[in-house]
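Report on the structure
Read off the chains here:
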Amino acid sequence: MFVDSAKIFVKGGDGGNGIVAFQREKYVPFGGPSGGDGGNGGDVVFRADESLRTLVDFKHRAHFKAYRGMHGQGDNKTGKSGKHIVVSVPPGTLVKDADSGEIIADLVKHGDEAVVARGGRGGRGNQHFASATNKAPRRCEDGQPGEERWLVLELKLLADVGLTGLPNAGKSTLLASVSAARPKIADYPFTTIQPNLGVVKLDTGRSFALVDIPGLIEGAHEGKGLGHRFLRHVERTKVLVHVLDMSGQEGRDPVADFHTVQQELEAYNPELSRRPTIIAANKMDLPESEDNLERLKVALGDTFKVYAVSAVTRKGVKELMYAAADLLDQVSASQLDK
Ligand SMILES: Nc1nc2c(ncn2[C@@H]2O[C@H](COP(=O)(O)OP(=O)(O)OP(=O)(O)O)[C@@H](O)[C@H]2O)c(=O)[nH]1
Ligand SMILES: [Mg+2]
């Protein structure tokens, strides 16, 4: 299981101080204590937000502080409370104290919330300290500091987007070109023997997990090759990117390759062949690819969107990833409607 993690610092706002003040009344030197209380500091709140899928944004921003409470004022006025801050995290995020390892929160589903650092209480003003024997107290309290700590966030990543295709199509090369994952890449089939997962970051707040699985071959659904063992990983994804070697090396035909893989998916689980899919027409840097691309487009008509890419030169790869993210958003939105 691939786990995304991040270490961040959170601090609640400090409480405002209470103050010493006295009512100003004519002929009364100390017209009764009237020092207001300090306002409470704001909390740092985490909220699960389903539009987030990974923790990558926390690698760029690691400090989150809520606002402090204002000090009290005369006339028994309480200082304004500091604002809370709400930090969005992806559903499934587990929050631990970095020092003790204690679990602070497990934000499972959209909308789940937890306070991860409380604001300090405001101090009391001198109005609270008057007594029968001391009608003009000069005592007041300072606000308490906000809670602060380092947290470790952990998220078990389920791959949102899966790369399918025959061995050698360039799936691992593609994964390596868009993420920090460093899968083994080589010029022979079945290089990949374990699924590899990488995080693709497009913009702030927009990222997804991409899984590269061993290549599928004809008969995969009956256990041929390696890919069948990993089809269940593909089953958990929401969107597929079908990678095709467009160069037609070694007498291969990309159009036939496409149907081979689709049939294997269909035979394994008909759901899979209907999963929202886009096509990465890969190895477009090779000269033979251009003619094959035209043929593929004709063969597919408008049933699948085809993106011409080269995982090696990275040409077209960015557009492909944006298309995958858009499709993922559409699928997630339609699942919410249900
Ligand atoms: N010219 C060219 N070669 C590519 C491109 N993408 C991948 N290759 C090459 O194709 C070969 C196979 O690439 P991999 O990424 O290992 O292929 P794979 O689909 O992961 O293969 P398996 O793990 O065996 O299923 C390697 O020699 C890559 O360098 C590309 O866009 N252009
Ligand atoms: Mg591979």
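Just so we're clear, the structure is a prediction, and the values are computed from it rather than from any experiment.

Observations regarding the site of ligand 1
- In the vicinity of ligand 1 lie 24 residues, with K171, T173, F190, T192 and D285 positioned nearest.
- The contact in question runs from an oxygen atom of ligand 1 to an N or O atom on the side chain of K171, over 2.7 Å.
- Take V312: an N or O atom from its main chain is 3.3 Å from an oxygen atom of ligand 1.
- Burial of ligand 1 by the protein amounts to 89% of the accessible area it has alone, namely 660 Å².
- Placement of ligand 1 is best described as lying within the largest pocket.
- Here the element with the most residues in the shell around ligand 1 is helix α1 (residues 171-178); it accounts for three residues.
- Class assignment of the residues belonging to the shell around ligand 1 gives a composition of eleven nonpolar, nine polar and four charged.

Quick notes on the packing of aromatic side chains
- Applying the stated rule across the entire model yields three aromatic pairs.
- Here the guanidinium or amino end of K7 rests over the ring plane of W150, the centre of that ring lying 5.5 Å away.

Some words on helix α5 (residues 289-300)
- The end-to-end C-alpha separation of α5 is 16 Å, in line with the 16 Å expected for twelve residues at 1.5 Å each.
- If you check which residues of α5 are buried, you get S289, N292, L293, L296 and L300. Here the buried residues of α5 occupy an arc of 105° about the axis, which is enough to place them on one side. Along α5, exposed side chains directed more than 90 degrees from the buried face belong to D291 and V298.
- As for α5, its buried residues are in contact with β12 (239-245), α3 (254-268), β13 (277-282) and β14 (305-308).
- Within two residues after α5, G301 carries a phi angle of roughly 55°, on the positive side.

Thoughts on the pairing of strand β6 (residues 103-107)
- Two elements, strand β5 (residues 93-97) and β6, share four bridges in a ladder whose sense is antiparallel. If you follow V95 over to β6, its bridge partner there is A105.
- Between β5 and β6, which pair antiparallel one after the other, the connecting turn spans five residues, and G101 there sits at a positive phi close to 80°.

Describing the sheet that holds strand β1 (residues 3-11)
- Spatial ordering of the open sheet is given by β3-β1-β8-β5-β6, a layout of five strands whose pairing is mixed. The sheet terminates laterally at β3 (63-65) and β6, the two strands that pair on one side only. When the angles between neighbouring strand axes are averaged without regard to direction, this sheet yields 25°.

Observations concerning the environment of G38
- As for its position among the elements, G38 is in the loop between β1 and β2 (44-48).
- On the basis of relative accessibility, which here comes to 6%, the residue G38 falls in the buried class.
- Taking the C-alpha atoms as reference points, G38 and K77, 39 residues apart in sequence, are found 8.7 Å from one another.
- When sequence neighbours within four positions are dropped, the list of residues in contact with G38 reads G16, N17, G18, M70, H71, G72, T78, G79, G122 and G123.

So, the sheet that holds strand β7 (residues 113-117)
- Overall, mixed pairing links the three strands, which are arranged β4-β2-β7 in an open sheet. Each having just a single partner strand, β4 (85-89) and β7 make up the two edges of the open sheet. When strand polarity is set aside, the average angle formed by the axes of neighbouring strands in this sheet is 30°.
- The pairing of β2 with β7 spans four bridges and is antiparallel. In the strand pairing of β7, V44 is matched with A117.

Regarding the pattern of salt bridges
- One pass over the full model with this rule turns up 16 salt bridges.
- Across the salt bridge formed by D329 and R206, the nearest N and O atoms sit 3.0 Å from each other. Residue D329 is found in helix α6 (residues 317-337), and its partner R206 is found in strand β11 (residues 206-212); the two are separated by 123 residues along the sequence.
- Among the charged side chains, a salt-bridge network with shared partners connects R53, R206, D326 and D329.

Comments concerning the coordination of the magnesium ion (ligand 2)
- Looking at the magnesium ion (ligand 2), the protein donor atoms are S172 (OG) and T192 (OG1), and they sit 1.9 to 2.1 Å from it. Residue S172 is found in helix α1, and its partner T192 is found in the loop between α1 and β10 (196-203); the two are separated by 20 residues along the sequence.
- Among the residues examined, S172 registers a relative accessible area of 8% and is labelled buried.
- Judged by its relative accessible area of 9%, T192 falls in the buried class.

Cut-offs used in this document
All residue numbers refer to position in the chain's written sequence, counted from 1. Labels follow written order: the first chain is A, the first ligand is 1, and so on. Residues qualify for local features only when their pLDDT is at least 70, as the model is predicted, and side-chain atom pairs are given and counted only at 80 or more; totals for whole chains, interfaces and linings, by contrast, use all residues. In computing side-chain properties, one takes all heavy atoms of the structure into account and sets aside hydrogens as well as water. Nearness here has a simple test: a residue counts as near a molecule or strand if at least one of its heavy atoms is within 4 Å of that partner. Nitrogen and oxygen atoms within 3.5 Å of one another constitute a polar contact, given that in protein one can donate a hydrogen and the other can accept it, and given that sequence-neighbouring residues count only through two side-chain atoms. Every accessible area reported is derived by Shrake-Rupley at a probe size of 1.4 Å, with residue values counting cover from the shown protein chains alone. Lining residues are defined by having an atom within 4 Å of a point belonging to a cavity or pocket. Those points lie on a 1 Å grid over the protein atoms alone, cavities being sets where a 1.4 Å probe fits but cannot get out and pockets being open sets with protein on both sides within 12 Å along at least five of seven lines. Molecule-in-pocket calls rest on the fraction of atoms, with more than half required to lie within 2 Å of the cavity or pocket grid points. Each helix corresponds to a stretch of at least 4 residues labelled H or I by DSSP, and each strand to a stretch of at least 2 residues labelled E; elements are numbered beginning at the N terminus. Basically, the charged four are Asp, Glu, Lys and Arg, the nonpolar ten are Ala, Val, Leu, Ile, Met, Phe, Trp, Tyr, Cys and Pro, and anything else, Gly included, counts as polar. The criterion for an aromatic pair is that two Phe, Tyr or Trp rings (for Trp, the six-membered ring) have centres within 6.5 Å, with stacked assigned to planes under 30 degrees apart, edge-to-face to planes over 60 apart and tilted to the rest. Over a ring means this: the NZ of a Lys or the CZ of an Arg is within 6 Å of the ring centre and within 35 degrees of the ring normal. Working rule for helices: expected span equals 1.5 Å times residues minus one. With a 1.4 Å probe rolled over the protein chains alone, any residue whose accessible area is under 20% of its type maximum counts as buried; one over 50% counts as exposed, and the rest are partly exposed. The arc in question is the one traced by the directions running from the helix axis out to the C-beta atoms. Contacts between residues were defined by any pair of non-hydrogen atoms, one from each residue, lying within 4.5 Å. Pairing between strands requires that DSSP locate at least two bridges from one strand to the other. All axes here are fitted lines through C-alpha atoms, helices being fitted over the stretch that makes contact, and every angle between N-to-C directions spans 0 to 180 degrees. Salt bridges are counted wherever a side-chain nitrogen of Lys or Arg sits within 4 Å of a carboxyl oxygen of Asp or Glu. For Na, K and Ca the donor cut-off is 3.2 Å, and for all other metals it is 2.8 Å, counting N, O and S atoms only; because water is absent from this set, sites may look incomplete.

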